[in-house]
Amino acid sequence: SAPATRTVTDGDVIDLGDRHFEVIHTPGHSPGGIALWEAATETLFSGDIVYYGPLIEDTYHSNDKDYYRSMVRLYDLPVRVVHGGHFPSYSGERHKEIVKAWLDSKNK
């Protein structure tokens, strides 16, 4: 394993030269969760907050209010493709469906 060289916070940009990823803090599943957003390709690496499968939101470190805020934030991104921390990648259209269904289930 490689040692960490720094920590990242919301809004930081990870510059790989030909690719740039914005760090989006996505607490809810876990307090320090992040997603990486590449605006140039409309690609989201969502980590454990949202993916194409049953979402796990009831772990000992989960927080329902943070989860909700993170999902609202990710819903508004103009996503073309999502690579989640689990299960297959999926389209931006499917992303909107997953997040909207999850948000709607919390508003009942």
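Just above sits the structure.
Visitor: Tell me about the nonpolar core, and name the residues and values.
Guide: Of all hydrophobic cores here, the largest spans 19 residues; its most connected members are Leu44, Val50, Leu55, Met71, Leu74 and Leu77. Elements with a minimum of two residues in this core: β3 (34-38), α1 (64-75) and α2 (92-106). Residues within four places of leucine 77 in sequence aside, it is in contact with Ile24, Trp37, Leu44 and Lys96.

Visitor: Run through the pairing of strand β5 (residues 81-84), naming residues and quoting values.
Guide: As judged from the 4 bridges shared by strand β4 (residues 43-47) and β5, these two strands associate in the parallel manner. Bridge pairing links leucine 44 to valine 82 in β5. Once you follow β4 into α1 and on to β5, the crossover reads as right-handed. What sits between β5 and strand β6 (residues 90-91) in their antiparallel hairpin is a turn of 5 residues, with phenylalanine 87 showing a positive phi close to 65°.

Visitor: Pulling in residues and values, what's your account of the packing of α1 against α2?
Guide: Orientation of α1 relative to α2, taken along the N-to-C sense of each, is 145°, at an axis distance of 10 Å. Here α1 runs over α2; the crossing is left-handed. Taken together, the residues of α2 that come into contact with α1 (itself represented by Tyr67, Tyr68, Met71, Val72, Leu74 and Tyr75) are His95, Lys96, Val99, Lys100, Trp102, Leu103 and Lys106. For the contact of α1 with α2, the residue count by class is 9 nonpolar, 1 polar and 3 charged.

The rules behind these values
Within each chain, residues carry numbers counting from 1 in the order of the written sequence. It should be noted that, the model being predicted, local features are given only for residues of pLDDT at least 70 and side-chain atom pairs only at 80 or more, the latter also being counted only at that level, while totals for whole chains, interfaces and linings use all residues. Only hydrogens and water are set aside when side-chain values are computed; all heavy atoms of the structure are taken into account. The term nonpolar core refers to a set of buried residues drawn from Ala, Val, Leu, Ile, Met, Phe, Trp, Tyr and Cys, joined through side-chain atoms within 4.5 Å. Only protein chains enter the area calculation, which uses a 1.4 Å probe; residues under 20% of their type maximum are buried, those over 50% are exposed, and those in between are partly exposed. Working definition: helices are DSSP H or I runs of at least four residues, strands are E runs of at least two. Numbering for both runs from the N terminus. Two residues qualify as a contact provided that any one of their heavy atoms is within 4.5 Å of a heavy atom in the partner residue. Pairing between strands requires that DSSP locate at least two bridges from one strand to the other. Here a crossover is taken to be right-handed if, once the strands point away from the viewer, the path from the first strand over the helix to the second is traced clockwise. Think of each axis as a best-fit line through the C-alpha atoms, taken over the contacting stretch in the case of a helix, with angles from 0 to 180 degrees between the N-to-C directions. Handedness of each helix crossing follows the sense of rotation of the near helix against the far helix: counterclockwise by less than a right angle gives left-handed, clockwise gives right-handed. Each residue is assigned to one class: nonpolar for Ala, Val, Leu, Ile, Met, Phe, Trp, Tyr, Cys and Pro, charged for Asp, Glu, Lys and Arg, and polar for all the others, Gly among them.

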